[in-house]
Amino acid sequence: MHGATLMDNPSTADTDGAMETRGIEPVPDHERRGRVRELFPTWVAANISVLLLTMGAALVVFNRLNFWQVLVVAACAALASFGMVGLLSVSGKWGGAPGATLSRATFGVRGNLFPGAILWIARFGWETINAVTGAYAVLTVLDLLLGVRSNTALIVVTLFVFVACTFLVSGLGRKALNVCNTWSTYLFGVFSVLVLGYLVATMDWSEVFAKPAGTTAMMVAGIGTIAAGGISWVPTGPDFARYLPHSASGRKIVGVTVSGAGLVMVPMVLMGAVMAVASPGLAEAADPVSFLGDLLPTWLAVPYLLTAIVGMLLINSLSMYSAGFTAQTMGVKLPRAMAVSINAVISLVGGLLLMLVATSFLGSFITFLILLAVSFSAWIGVYAVDMFRRRSRAVRYDAAALMDTGRSSRYWYVGGFCWQAMVSWVLALLVGLAFTKCDWFAGPLSDTPVGRYGLAWAATIVVSGVIMAVLPVPRENVAADADRSADAVADERPERVAV
């Protein structure tokens, strides 16, 4: 009965206005009027970042790949990373809740705090990187249009304004983000086509296609680097699918997610690779944006950067939107908009350190991507196995139990911990770090083929999933939920959806 009361509480209901008031609690069926196609602009917008240009350039300059190899790397990275995003997003429409909340069913209401904390900290870094990139884009526009050179005071002001705008947009919620994502998709698409046309007309394509092929090892490592950004979205995929009705197609969710992300990822990585042929130094530039002012005419560089600024603002808004849920799931007793403010402050402080103190943006960024992929991958393997087991259950996710953090919760397990999930997660995280090698860290297994090929993230997913699969199936505290109302049971009837 307490589950029905929670979900019928008008103070938590989403409204038809722009400001979303719903927090981490599951969305009741009568509010789940979303459509799968609405996910398309979300995942397009999640990849509108000039960092993809820099990463494409790095594949040519550092990995020494040719045009066709970069194409394969970009396509494989989009398929692998956002394929996982789409697949695990299906759990969002099963349970109607954010990924951070559904994860309680996997790790236990207390155990979920530990992977949640790691994911929350990692998200701070991602938001900081995006904030810094957005600030650099603003500084480049000011230089191109007004001749204003960057200085410490301007960096502080620019970064503050960018983070503040991100906070305001993310606080509006899902509906406002959907509108912004749709329009930014159109605008960025138009200017990306113009940039692509300019490159086609002005590039020395004989030089582009004359580059020799790189090694297979560098291709595989490149896939991991490009995919890391997508992997970081996997735990938050359910956040954007929780308003979908039970009847929504799982296959369509995966297809729309992959196609939306790939539509941006593949051409942008390729554009960065082509630009690197004309200007190899762009992969080692002091910032990841200013090179556009050198390679493109002002009439094209400025509007392209402006649309990219909007895109990066939306990326951070989507990230902060989900980070607010993670904070609430960890017990932060604040409304979602206030919880988001914590991330905004940390992004501001971290951004200032990266822009004013760090000596190499790209080096810091690549190191972060490597560690980011491993930290998220340990969660992915465990969650995926648990989700697979729930496909045929009558009650896939118990709404009341997800919000009950006491002993009466269905997901209390043993002392609030699902020991199978915790063991799988910890061991996989340690194995992943052992295979990892970056600028300032090298694990004891980093010189093995897995480490040299940059497959620590893949090994982490496999290890966590295999351990979770072979350990005894966790036993939920079903008896504690015997008093659930018949209406709640009816709401949770399994639907026939192909995953």
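Up top is the structure these notes are about.
Residues numbered from 1 in each chain as written. Predicted model: local features only at pLDDT ≥ 70, side-chain atom pairs only at ≥ 80, totals over all residues. Heavy atoms only, no water.

(A) Layout of the overall build of the protein. Within the protein, the secondary structure is distributed over 21 helices and 2 strands. Relative to its 499 residues, the protein shows a buried fraction of 59%. For the protein, the proportion of contacts with a sequence separation of at least 24, taken over those separated by at least 6, is 86%. Carbon and sulfur atoms make up 69% of the accessible area of the protein, which totals about 19300 Å². (Helix = DSSP H or I, 4+ residues; strand = E, 2+ residues; numbered from the N terminus. Buried < 20%, exposed > 50% of the residue type's maximum accessible area, 1.4 Å probe, protein only. Contact = heavy atoms within 4.5 Å. Areas by Shrake-Rupley, 256 points an atom, 1.4 Å probe, with all protein chains shown as cover.)

(B) Up close: helix 18 (residues 419-435). Counted at 1.5 Å a residue, the expected span for helix 18 with its 17 residues is 24 Å, and the 24 Å between its end C-alpha atoms agrees. Of the residues making up helix 18, those classed as buried are Gln-420, Ala-421, Met-422, Ser-424, Trp-425, Ala-428, Leu-429, Gly-432, Ala-434 and Phe-435. (Expected span 1.5 Å × (residues − 1).)

(C) Structural view of the side chain of Thr-128. Counting through the fold element by element, Thr-128 comes out in helix 6 (residues 113-146). Apart from residues lying up to four places away in sequence, Thr-128 is in contact with Ile-346, Ser-347, Gly-350 and Gly-351.

(D) Local environment of the pattern of salt bridges. Counted under the stated rule, the structure contains 7 salt bridges. Of the charged contacts, one joins Arg-149 and Asp-143 as a salt bridge, the two residues approaching to 3.2 Å between their closest N and O atoms. Via salt bridges that share partners, Asp-386, Arg-390, Arg-393, Asp-398, Arg-410 and Glu-476 belong to a single interconnected network. (Salt bridge = Lys/Arg side-chain N within 4 Å of Asp/Glu carboxyl O.)

(E) Local environment of unusual backbone geometry. A positive phi angle is found at Arg-64, which is not glycine, with a value near 60°. Within the element layout of this structure, Arg-64 appears in the loop between helix 3 (51-61) and helix 4 (67-95).

(F) Here's a closer look at a nonpolar patch on the surface. Taken together, the side chains of Val-156, Val-345, Val-349, Leu-353, Leu-356 and Val-357 present a nonpolar region at the surface, about 510 Å² in accessible area. Of the residues forming the nonpolar patch, the biggest block, 4 residues, is contributed by helix 15 (residues 336-356). Structurally, Val-345 is set in helix 15. (Patch = residues over 30% accessible without salt bridge, like charges linked within 9 Å, V, L, I, M, F, W, Y side chains within 5 Å.)

(G) Quick look at the nonpolar core. With 136 residues, the main nonpolar core has Trp-233, Leu-292, Tyr-304 and Tyr-397 as its most contacted residues. The greatest single-element share of this core, amounting to 15 residues, is contributed by helix 12 (residues 250-278). (Core = buried A, V, L, I, M, F, W, Y, C linked by side-chain atoms within 4.5 Å.)

(H) Just the packing of aromatic side chains, in detail. Counted by the stated rule, this structure contains 11 aromatic pairs. Consider the rings of Phe-67 and Trp-68, whose centres lie 5.0 Å apart with planes at 90°: the pair is edge-to-face. Ring-pair connections join several aromatic residues into one group, and the members of that group are Trp-43, Phe-82, Trp-233 and Phe-240. Sitting above the plane of the Trp-94 ring, Arg-396 keeps its charged end 4.2 Å from the centroid. (Phe/Tyr/Trp six-rings, centres within 6.5 Å; stacked < 30°, edge-to-face > 60°. Lys NZ or Arg CZ within 6 Å of the ring centre and 35° of its normal.)

(I) Quick look at the packing of helix 4 against helix 12. At a minimum axis separation of 7 Å, helix 4 and helix 12 run at an interaxial angle of 150°. Here helix 4 is positioned roughly antiparallel relative to helix 12, judged by the angle of their axes. Once helix 4 is placed against helix 12, the crossing between them reads as right-handed. Tallied by class, residues from the contact of helix 4 with helix 12 come to 22 nonpolar, 6 polar and 1 charged. (Axes fitted to C-alpha atoms, helices over the stretch in contact; angles between N-to-C directions. Parallel < 35°, antiparallel > 145°, perpendicular 65-115°, else oblique. Left-handed = near helix turned anticlockwise from the far one by under 90°. Nonpolar A, V, L, I, M, F, W, Y, C, P; charged D, E, K, R; others polar.)

(J) Molecular detail of the environment of Asp-404. One can find Asp-404 in the loop between helix 17 (399-403) and helix 18. By relative accessible area, which is 16% here, Asp-404 ends up buried. Considered as a pair, Asp-404 and Val-109 are 295 residues apart in the sequence and their alpha carbons are 7.9 Å apart. With residues near it in sequence (within four places) discarded, Asp-404 still touches Val-109 and Ser-409.

(K) Fine view of the environment of Phe-388. Note on placement: Phe-388 falls in helix 16 (residues 361-389). For the pair Phe-388 and Ser-91, spaced 297 residues apart in sequence, the C-alpha to C-alpha distance is 9.7 Å.

(L) Highlighting helix 20 (residues 456-470). With 15 residues, helix 20 should reach 21 Å at 1.5 Å per residue; the first-to-last C-alpha distance of 21 Å fits that figure. Residues Ala-456, Trp-457, Ala-459, Thr-460, Ile-461, Ser-464, Gly-465, Ile-467 and Met-468 constitute the buried set of helix 20.

(M) Broad picture of the environment of Ser-150. Tracing the backbone through its elements, the reader meets Ser-150 in the loop between helix 6 and helix 7 (152-172). Sequence-wise, Ser-150 and Leu-139 are 11 residues apart; in three dimensions their C-alpha atoms are separated by 6.4 Å. Setting aside residues up to four positions removed in sequence, Ser-150 forms contacts with Leu-139 and Ile-155.

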